[in-house]
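This is what each chain is made of:
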Amino acid sequence: MFSDAQHEAGFCLMYEECGKNPTVSGSLLESNVPCKNPGPAREVVGAHYELFKEVCPMLDQGEGQTFACCSPQQLISLQSSVSLSKAILLRCPSCAYNFAHIHCITTCSPNQSQTINITRTIPVNISGTEKDAVVSYQAYVSTTFSDASFNSCKNVRIPATGGYAIGTMCGRYGSTLCTPQRWLDFQGDSSNGLAPLDIDFRLIPPEHNAAVPEGMVPYAGIALGCNETTPTGGEECSCQDCQESCPPVPPPGPLPEPFMIGNMEGFLAISLILFAIFCLLFLIFIVVKWILHLCKRKKSKSGKDKNANEVHLNQTVNPKDITCNDRVSLVTQKYLGSFFQSWGIVMARHPLKVIFASLLVVAAFTTGLMNMQLTTDPVQLWSAPNSRARREKDFHDENFAPFFRTNQLILTAPGRPSYIYDSLITKHLIFEHLLQQRIQAIEFWSDELNKTATLNDVCYAPLNPGNPSLTDCAVNSLPQYFQNSIKNLNLKANMTQLGVTKEVDWRDHFIYCVNSPLSFKDITALNLSCMADYGGPVFPFLAVGGYDNEDYTAAEAFILTFSLNNYPRDDPKFKVVEQWEAMFLQIVQEYQKEPSTNFTFAYMAERSLEDEINRTTIEDFPIFMISYAVIFLYIAVALGEYSSFKRILVDSKFLVGLGGILVVTGSVLASMGFYGWVGIPSSLIIVQVVPFLVLAVGADNIFIFVLEYQRDVRRPGEIREEQIGRVLGSVAPSMLLCSISESVCFFLGALSNMPAVKSFALYAALAVLMDFVLQMTAFVALLSLDARRQDGNRCEIACCLKVKTQRPAKPNKGFLLPFMEKYYAPVLLHPVSRIVIVLFLFMFCASIDLMFNVKVGLDQELAMPTDSYMLTYFEYLNKYFEVGVPTYFVTTKGFNFSDVTGMNAVCSSVGCDQFSLTQKIQYATEYPERSYLAIPASSWVDDFIDWLNPGSRCCRIYTSGSNTGQFCPASESTLKCLKKCMTLPSSGILRPSVEEFNTFLPSFLSNRPDLQCPKGYAGSSSVRKILDQNQLHLKMPLSLSLSLSAASRFMAYHTPLRNSQEFTAALLMARELAHNITMAMRMIPGTAEDFEVFPYSVTYVYYEQYTSILYEGVANICLCLVPTFVVCCILLGLDLRSGFLNLFTIVMITVDTVGVMTLWSIDYNAVSLINLVTAVGISVEFVSHTTRSFALSTLPTKVDRAKEATAKMGSAVFAGVAMTNLPGIIVLAFAKAQLIQIFFFRLNLVITLLGMAHGLIFLPVLLSFFGITPSTELQLFFHF
């Protein structure tokens, strides 16, 4: 029925109330509707006028001049009807003013008949009088007014969620798709549970006014802009709620330009220039050397050898001609040689006693293994206790409890990306619901609790943490839109909307909820809530994934998340929660194997990372054992002399090789046992890497010692023990040089701040030192026993058996030494071949450029084995998640929140500072590609202020009954609570006094949010992300003042972070922003000098290391290089040149290793750093033996001495280091763990190959050009 009343100014169509709307059921508010009552507008006077001025101030013309079409009772109903919506709009006064303006025009305007047209009435009987109740009408509004009103409200935010208020007031469309028409349609839809009747808003553009019915005039009043003050004194909206109010904020500066020199990449240009300088200097050196050679050739009376090198004919040594350095070198070599010779003789003479004593010492140390602690917690491994991230994590956990544990599934259906295909979501929801029910029903016997444990014993229950039931547990999933009820999921109903009747079902509810997740009731005839069964919202970006532009209905993945409490590891409940997670994984894996499962899904539990790392460690343990076995087999075979087939069992060195392996094992066990006694924890990296490192170092020394003994000829009258002592005296100084260099290198590496690197360095340093000590004792004794057996022609295994074939008188040099003497060294050091040094210099310069392009970080995928289910989870996580991890901006103690200035420095609503804490975070989110922040910070301060606003029902005082004067919750009747907590000042800027702040804060914190008051903060997750914890985050007795005694936090969201580089950059940007906020807030009077704002996210503690690992790595490696240089110089008698050449070669190996890391996609991280420190140690083995051999050679020319050192020591280094490492490294390629494949196989292979190339090719050539030339006197001393 359409209205036939007169449409003219000053006339009404409705007046007074006709009771509840009979067509509306299940309304959340009283659905009182007006009566059809055409007539002139009534004058408003007295109490009626005062109420009218309060509810509709925009229509006030002054007392005696104001006319309206609404009664006092209508005004009360109107005030109640709009109060819920206004509660979330009050933070922007002009928006709330415009919102009230819209409804005041349709309800109370004196020109009501020109604005509305009644379309439906229902006869009702009111106190015996028949009346027509209006249940539907049209409202004609000009688009100039509707658009301006909408624009003033579209950016108003809900502090608790960081989302837009308009998203809760636009039904199924959410904030993204909301328009003025859709916004008003929702306001006029009685099915939303808020509107008492249906209003068909007709928005008419000014140019189409002629199209409206005769007598109708589209309302075209003035709507305030959000940056305008209201006539009632309300201030302009804040920047966070109104872009027009934002001060001019300069955009972030341009990103740093890449380092360029001209048109070339800077480091590449530097590398080329450096290479050119090296080549030029080398060319100058060759030319000068040739000129000097020609000059000396003319003047010299000395003879020449075949290489045209000078050979002095005068061989008389004058003691005055021996320099100080020569004397030091002579004394050093004499003392060391004499000491180790005497030592070797003693060890060889008493082998059994020495071996027994060595076993006792090792056993004593090894008993400490009973006290050894194996650290598997990633936080304790990679984050130093005194690091900034660790201190911030400890502060956060102490004040707000640890971040909860996440257990998650991501479900997808290939080929069916959204609900529009074959009711896909229904099938998935039902399945997910069944799976969810089975997971929620997990129960098991717990010895720790001494009862049957269930989910509610360990779950995160934000609204009832004290005694949670199963439905109190925070479970985030799509079935939660239906409160996990199959009945609700299957509901269907007929619904008439704007005259059209259709069937609504789960689809309509789903579409509504993903766009309005905070709704307690949808707008469909289903009358279902969108809130989860535990009372919190289900935010769509956490429930679905794989969508574009917030089109949640086209999502390709569904996300199911169980949140559990995170207990300390020493808490008994920690084992309970881990057991629950183990059963969670078991159930999911069983479902995955079911044949009926026609979809794919990924899953993880909080314990998964640690479980998978431990699993792969156990599974790859045989790989390491095979690697060690291969190395042992090689050593046993390679050490043998094999002079004849008949003596093969006599000349083999199986037991010597086994003894060498046992020496390495004993040194590693002794090191671990010692630190077990001391209390320094170990790690899996130590267990895997230290034996490998010590084996490489130990095998080299074993080969040098054994091969030198085999090549030596026993002098006349010399007994076996004396020969062993003499051989040890010649090689032990070289072994001491390497061992001391490596051990001091590792001890200095223990200065690292990273616990894993520090403990590795300590364990490795002591193990290398113990290995040298055991080689000088137990291994010398073992070789003495083996030599005694070999001299007696006894077989190695069956010692009682002898062979008749005698040992050859001439020592067997084997294959490698003759090959190097006859072929390799001459070819390498040929005048033409020596130009190879230029190739190595080019490789060094190229690696310098590559070194600056190495990626820093360790993606968590690499820590997983290749067959891990976690790899699928990480793939799904990066593909489908549209929001990143939450980050909290934590304020430490020392800031006065209860002071008005303090509140304004934090909040973001009207009257707040334009550069407050939350406002600065808002500015940062406008540049997500730079700040890595996607969603602004939620603010409990803003919500507290809104909660206090008298325009909402949240904060009221009992005016009757036994609780008079106490806080009255919004659920109580208005008649019992007639007094508001505060009155709104004329400026619209509400701020509590210190007393009011402390009085009402406890009620705010304990007020559970509901439809009447969505601002309550009990459990806080009811108004924000389900996976979050307490929003207010105050750790203090609630009766105390908040002035300076409490810490607080404000949550924002990062953008999706895909790799280590993005996680690290996000941390740095968050810290930069927090520092800026800190400096500003310290300027506020009364703020403590040590007050600080810092960002905290659960990931920061893992990625902080990458902010400084480059500098720490350079420092660690430099510290390792220093002792290498110093020890080399000292043990060579202050030979600075040999020490420098030794150091330069090791630096080249290290730099080239980093360069190859870039080419082979090996990222730089703590594991790489451990291997690079190891590389320095292994490089010492490849380099130092040859350098010392060259320095002490008595041959007359550098080339000859380089040939001798290459053949003699190069063969031992090749057999002892290179060929010992390579077989074991190659075996590691078959490990399942990607971490082992990349950082142990690839990186150690690179280190070994580069060390071998530099030690056996580059270093001999380098020494042949630049090595020291000992004086004739020194040569004669060693020769004679």
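Definitions and limits used
- Residues numbered from 1 in each chain as written.
- Predicted model: local features only at pLDDT ≥ 70, side-chain atom pairs only at ≥ 80, totals over all residues.
- Heavy atoms only, no water.
- Pairing = 2+ DSSP bridges.
- Helix = DSSP H or I, 4+ residues; strand = E, 2+ residues; numbered from the N terminus.
- Axes fitted to C-alpha atoms, helices over the stretch in contact; angles between N-to-C directions.
- Contact = heavy atoms within 4.5 Å.
- Salt bridge = Lys/Arg side-chain N within 4 Å of Asp/Glu carboxyl O.
- Buried < 20%, exposed > 50% of the residue type's maximum accessible area, 1.4 Å probe, protein only.
- Expected span 1.5 Å × (residues − 1).
- Parallel < 35°, antiparallel > 145°, perpendicular 65-115°, else oblique.
- Nonpolar A, V, L, I, M, F, W, Y, C, P; charged D, E, K, R; others polar.
- Disulfide = S-S within 2.5 Å.
- Phe/Tyr/Trp six-rings, centres within 6.5 Å; stacked < 30°, edge-to-face > 60°.
- Lys NZ or Arg CZ within 6 Å of the ring centre and 35° of its normal.
- Bend = angle between axes of the 7 residues up to and from the residue.
- Core = buried A, V, L, I, M, F, W, Y, C linked by side-chain atoms within 4.5 Å.
- Polar contact = N/O pair within 3.5 Å; in protein donor to acceptor, adjacent residues only side chain to side chain.
- Patch = residues over 30% accessible without salt bridge, like charges linked within 9 Å, V, L, I, M, F, W, Y side chains within 5 Å.
- Areas by Shrake-Rupley, 256 points an atom, 1.4 Å probe, with all protein chains shown as cover.
- pLDDT = per-residue confidence, 0-100.

A.B. asks: Before we go on, may I ask you to explain the sheet that holds strand β24 (residues 933-935) in this structure?
C.D. replies: By definition, the strands of a sheet pair up through backbone hydrogen bonds, in either a parallel or an antiparallel sense. Judged by pairing direction, the sheet is antiparallel, and its 4 strands sit side by side in the order β24-β28-β23-β29 without closing on themselves. At either margin of the open sheet sits one strand with a lone partner, and together these are β24 and β29 (1093-1096). Averaged over neighbouring strand pairs, the angle between their axes works out to 45° when direction is ignored. Taken together, the 4 bridges between strand β23 (residues 886-891) and β29 define a ladder with antiparallel strand orientation. In the sheet register, V890 faces β29, and the bridge partner there is F1094. Its contacts with the sheet put helix α31 (residues 1060-1081) on β23, β24, β28 (1048-1054) and β29, and the angle it makes with β29 is roughly 160°.

A.B. asks: What should I look at first to understand the pattern of salt bridges in this one?
C.D. replies: Side chains carrying opposite charge are able to pair once their charged atoms draw close together. Taken as a whole, this structure holds 29 salt bridges when the rule is applied. Residue K20 pairs with E30 through a salt bridge whose shortest N-O separation is 3.3 Å. Here K20, found in strand β1 (residues 11-20), pairs with E30, found in the loop between β1 and β2 (32-40); they are 10 residues apart in sequence, far enough to count as distant. E30 carries the same exposure label as K20, and that label is exposed. Residue E721 is joined to R720 by a salt bridge in which the shortest nitrogen-to-oxygen separation is 3.6 Å. Neither residue differs from the other here; E721 and R720 are each classed as buried. Salt bridges here are not isolated pairs; linked through shared partners, they connect E612, R615, E619, D867 and K1232.

A.B. asks: I keep staring at helix α11 (residues 388-400) and nothing clicks. Help me out?
C.D. replies: Look at α11: 18 Å from first C-alpha to last across 13 residues, which is about the 18 Å you get at 1.5 Å a residue. The set of residues buried in α11 consists of A389, R390, E392, K393, H396, D397, N399 and F400. Buried positions along α11 lie against α10 (378-382), β23, β28, α31, β29 and α32 (1100-1103). Count one or two residues on from α11 and you reach A401, which has phi positive near 75°.

A.B. asks: Help me understand the packing of helix α36 (residues 1198-1228) against helix α37 (residues 1234-1266), please; the structure alone is not making it clear to me.
C.D. replies: When two helices pack together, their arrangement is given by the angle between the helix axes and by the axis-to-axis distance. The geometry of α36 relative to α37 is characterised by a closest axis approach of 9 Å and an angle of 175° between their N-to-C directions. Looking at the two axes, α36 sits roughly antiparallel to α37. Residues belonging to the contact of α36 with α37 are distributed by class as follows: 19 nonpolar, 6 polar and 1 charged.

A.B. asks: Would you mind going over the pairing of strand β13 (residues 405-412) with me for this structure?
C.D. replies: Each regular strand shows side chains that alternate between the opposite faces of the sheet. Counting buried positions along β13 gives 8 out of 8 residues, so the element sits mostly inside the fold. Burial of β13 is two-sided: the residues R405, N407, L409 and L411 facing one way and the residues T406, Q408, I410 and T412 facing the other way are all buried. As paired elements, β13 and strand β20 (residues 557-564) share 8 bridges and run antiparallel to each other. When the bridges of β20 are listed, T412 appears paired with A557.

A.B. asks: Before we go on, may I ask you to explain the state of the cysteines in this structure?
C.D. replies: By definition, a disulfide links the sulfur atoms of two cysteines through a covalent bond. According to the stated counting rule, one finds 15 disulfides in the structure shown. Covalently, C12 is tied to C69 through a disulfide, its sulfur atoms 1.9 Å apart. Its torsion about the S-S bond being -80°, the disulfide of C12 and C69 is classed as left-handed. Of this pair, C12 sits in strand β1 while C69 sits in the loop between β4 (67-68) and α2 (72-87), placing them 57 residues apart in sequence. When sorted by exposure, C12 lands in the same class as C69, which is buried.

A.B. asks: I keep staring at unusual backbone geometry and nothing clicks. Help me out?
C.D. replies: Residues apart from glycine generally show negative phi values, whereas peptide bonds are mostly found in trans. Positive phi is not limited to glycine here, since N484 has a value of about 60°. Assignment of secondary structure puts N484 in the loop between β16 (475-476) and α13 (486-489). With a relative accessible area of 13%, N484 lands in the buried category. With a phi angle near 60°, Y932 is a residue other than glycine that sits in the positive phi range. For Y932, the location among the structural elements is in the loop between α28 (928-931) and β24.

A.B. asks: I would appreciate a short explanation of the environment of L78 in the present structure.
C.D. replies: Positionally, L78 belongs in helix α2. The exposure class assigned to L78 is buried, which follows from its relative accessible area of 9%. Each C-alpha atom, one on L78 and one on C56, is 9.7 Å from the other, the two residues being 22 residues apart in sequence. Not counting residues within four places of it along the chain, the set of residues in contact with L78 comprises V55, C56, H103, C104, T107 and C108.

A.B. asks: Got a minute to help me understand the packing of aromatic side chains in this structure?
C.D. replies: Two descriptors summarise a pair of aromatic rings, namely the distance from one centre to the other and the angle between the planes of the rings. Counted by the stated rule, this structure contains 51 aromatic pairs. Arranged with centres 5.1 Å apart and planes meeting at 65°, the rings of F259 and F267 form a pair that is edge-to-face. Looking at F267, the relative accessible area reads 24%, which means it is partly exposed. A cation over an aromatic ring shows up here: R42 above the ring of Y15, its NZ or CZ 4.1 Å from the ring centre. R1049 extends its terminal NZ or CZ atom over the ring of Y888, reaching a point 3.8 Å from the ring centre.

A.B. asks: Can you help me understand the sheet that holds strand β25 (residues 956-957) in this one?
C.D. replies: In space, the 3 strands of this open sheet follow the order β26-β25-β27, with antiparallel pairing throughout. Edge positions in the open sheet fall to β26 (967-968) and β27 (979-980), since each of these has one partner strand only. Relative to β26, β25 runs antiparallel, the two being bridged by 2 bridges. Residue pairing across strands places R956 opposite C968, the latter belonging to β26.

A.B. asks: Could you clarify how one ought to interpret the environment of S146 in this entry?
C.D. replies: Within the element layout of this structure, S146 appears in helix α5 (residues 143-153). Assessed through its relative accessible area of 1%, S146 is described here as buried. For the pair formed by S146 and I222, sequence separation is 76 residues and the distance between their alpha carbons is 9.8 Å. If near-sequence neighbours (up to four positions away) are discounted, S146 is found in contact with V141, P180, L184 and L203.

A.B. asks: Is there a simple way to think about helix α21 (residues 720-749) in this case?
C.D. replies: Every α-helix carries 3.6 residues per turn, so stepping three or four residues along brings you back to the same face. Under the 1.5 Å per step criterion, the end-to-end length of α21 is 41 Å for 30 residues, consistent within 8% with the ideal 44 Å. At V731, α21 shows its maximal bend, which comes to roughly 40°, and the proline P733 appears one to four places after that position. The element α21 is extensively covered by neighbouring structure, given that 24 of its 30 residues are classed as buried.

A.B. asks: Could you clarify how one ought to interpret the environment of M754 in this entry?
C.D. replies: Checked against the element boundaries, M754 lands in the loop between α21 and α22 (755-791). When its relative accessible area of 3% is taken as the criterion, M754 is described as buried. Sequence separation between M754 and L381 is 373 residues; the distance between their C-alpha atoms is 7.4 Å. Among residues more than four places away in sequence, those in contact with M754 are L381, W382, Q1105, I1109, E1112, A1166 and L1169.

A.B. asks: Before we go on, may I ask you to explain the nonpolar core in this structure?
C.D. replies: In summary, soluble globular proteins display a tendency toward joint burial of nonpolar side chains. V690, F705 and F760 are the most contacted members of the largest nonpolar core, which totals 154 residues. Looking at this core, the element that brings in the most residues is α22, giving 20 residues.

A.B. asks: In this structure, what is going on with the packing of α5 against helix α6 (residues 180-187)? I would like to understand it.
C.D. replies: The N-to-C vectors of α5 and α6 enclose an angle of 85°; their axes lie 9 Å apart at closest approach. In terms of orientation, α5 lies roughly perpendicular with respect to α6. Seen from α5, the contacting residues are S146, D147, S149, F150 and C153; seen from α6, they are P180, W183 and L184.

A.B. asks: Can you help me understand the side chain of S136 in this one?
C.D. replies: Residue placement: S136 occurs in strand β6 (residues 129-142). Owing to a relative accessible area of 15%, S136 belongs among the buried residues under this scheme. Within the local environment of S136, its side chain forms a polar contact with the side chain of T119, the two groups lying 2.8 Å apart. Once you skip the residues sitting within four places of it in the chain, S136 turns out to touch I118, T119, R120, L197 and D198.

A.B. asks: Mind showing me how you'd approach a nonpolar patch on the surface here?
C.D. replies: Judged by side-chain polarity, I273, I277, L280, L281, I284, V288 and L292 come together as a nonpolar surface patch covering roughly 620 Å² of accessible area. Classification of I273 as partly exposed rests on a relative accessible area of 47%.

A.B. asks: How do you make sense of the confidence of the model for the chain when you look at a structure like this?
C.D. replies: Close inspection of predicted coordinates is inappropriate for parts of the model with low pLDDT. Chain-level statistics for the chain give a pLDDT mean of 84 and a share of 90% at 70 or above. Summarising per-element confidence for the chain, the mean pLDDT is lowest in helix α38 (residues 1272-1279) (47) and highest in β29 (96). In this model, residues 1021-1043 is a region of pLDDT below 50 whose contacts with residues beyond four sequence positions or in other chains number 112 contacts. Every residue in residues 1271-1280 scores below 50 in pLDDT, and together they form 20 contacts with partners more than four places removed in sequence or on other chains.

A.B. asks: How do you make sense of the side chain of T891 when you look at a structure like this?
C.D. replies: Note that T891 resides in strand β23. You can call T891 buried: its relative accessible area is 0%. Those residues in contact with T891 that lie beyond four places of it in its chain are F395, F897, L917, A1047, S1048, F1050, F1091, E1092 and V1093.

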